[in-house]
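Architecture at a glance
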Amino acid sequence: MNNEMIVKIEKCLNKLGKRPVRIKQKGFIISQFFIDKLIYKIQNDILNIKDKIKDEYFALNLNQVYQIEISENKIILFLDNDTEIEISI
């Protein structure tokens with residue numbers, strides 16, 4: 001993934017991280033869970049999201065992301081295998 005997309009993702013996560021967020025996966029598997037105190041790290045093109053309070057976590061290889069959509073309250077990551085990951089408040 002190019003640095004420009006990573007910067008956009010980080011900027012959006014910094015903004016969303018001040019409130020509880022919902023992570024929703026749509027595709028061949030549908031799931032959702034909630035993060036109360038979001039902390040994240042991007043290292044070697046892997047996005048790691050953890051909840052500072054609970055044992056919830058999420059890891060995503062950003063090399064699978066081919067498109068992102070960012071709006072005021074959410075970011076949608078489109079993955080190669082027809083999966084969408086939505087992170088929203």
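The coordinates are above.
In this numbering scheme, every chain counts its residues from 1 along its sequence in written order. Only residues with pLDDT of at least 70 get local features here, since the model is predicted, and only at 80 or more are side-chain atom pairs given and counted; chain-wide, interface and lining totals rely on the full set of residues. By convention in this description, side-chain values take in all heavy atoms of the structure and omit both hydrogens and water.

**Considering the overall build of the protein**
The helix and strand labels rest on DSSP assignments: H or I over at least four residues marks a helix, E over at least two residues marks a strand, and numbering proceeds from the N terminus. If you tally the helices and strands in the protein, you get one helix and eight strands. Each helix and strand of the protein, ordered N terminal to C terminal, gives the series α-β-β-β-β-β-β-β-β. Computed over its C-alpha atoms, the radius of gyration of the protein comes to 12 Å, within 12% of the 12 Å expected for a compact globule of 89 residues. The C-alpha extent of the protein, read off along each of the three principal axes, is 30 × 30 × 25 Å. Under the scheme applied here, a residue whose accessible area is under 20% of the maximum for its type counts as buried, over 50% as exposed, and between as partly exposed, the area being computed with a 1.4 Å probe on protein chains only. By residue count, 35% of the 89 residues in the protein fall in the buried class. Pairs at least 24 residues apart make up 40% of the contacts formed inside the protein by residues separated by at least 6 positions. Total accessible area on the protein is roughly 5,600 Å²; 48% of this is exposed by carbon and sulfur atoms. Positive: Lys, Arg. Negative: Asp, Glu. His and the chain ends are not part of the count. Charge placement uses NZ in Lys and CZ in Arg. For Asp and Glu, CG and CD serve respectively. For the protein, the centre of its 14 positive side-chain charges and the centre of its 13 negative side-chain charges are spaced 7 Å apart. Put simply, the radius of gyration uses C-alpha atoms, and a globule should come to 2.2 Å times the residue count raised to 0.38. Two residues qualify as a contact provided that any one of their heavy atoms is within 4.5 Å of a heavy atom in the partner residue. Calculation of accessible area relied on Shrake-Rupley with a 1.4 Å probe; when residues are assessed, cover is drawn exclusively from the protein chains displayed.

**Considerations on unusual backbone geometry**
Phi is positive for Asp 45, which is not a glycine, with a value near 60°. For Asp 45, the position within the fold is in the loop between strand E3 (38–43) and strand E4 (46–51).

**Overview of the sheet that holds E4**
We call two strands paired when DSSP finds no fewer than two bridges between them. Taking strand neighbours across the sheet as the criterion, the three strands line up as E3-E4-E5 in an open arrangement whose pairing is antiparallel. The open sheet has two free edges, formed respectively by E3 and strand E5 (57–61), since each of these has just one partner strand. Along the sheet, successive strands turn relative to each other by an average axial angle of 15°, direction set aside. Judged from the six bridges that link them, E3 and E4 form a sheet pairing that is antiparallel. Bridge assignment links Tyr 40 to a residue of E4, and that residue is Ile 49. Axes here refer to lines fitted to C-alpha atoms; in helices the fit is confined to the stretch in contact. Angles between the N-to-C directions go from 0 to 180 degrees. Where helix H1 (residues 3–16) meets the sheet, it contacts E3 and E4, and its direction lies at approximately 170° from that of E3.

**Describing the packing of aromatic side chains**
Ring pairs are drawn from Phe, Tyr and Trp, using the six-membered ring of Trp, whenever the two centres fall within 6.5 Å, and their geometry is named by plane angle: stacked under 30 degrees, edge-to-face over 60, tilted for the rest. In this structure the tally under the stated criterion is two aromatic pairs. Considering the side-chain rings of Phe 33 and Phe 58, the 6.2 Å spacing of their centres and the 50° angle between planes classify their relative orientation as tilted. One end of the pair, Phe 33, is in strand E2 (residues 31–35); the other, Phe 58, is in strand E5, with 25 residues separating them in the sequence. The class for Phe 33 is buried, based on a relative accessible area of 18%. With 6.4 Å between their ring centres and 45° between their planes, Tyr 66 and Phe 78 make a pair best called tilted. One end of the pair, Tyr 66, is in strand E6 (residues 65–70); the other, Phe 78, is in strand E7 (residues 74–79), with 12 residues separating them in the sequence.

Treat this as a map of the structure, not an account of what it does.
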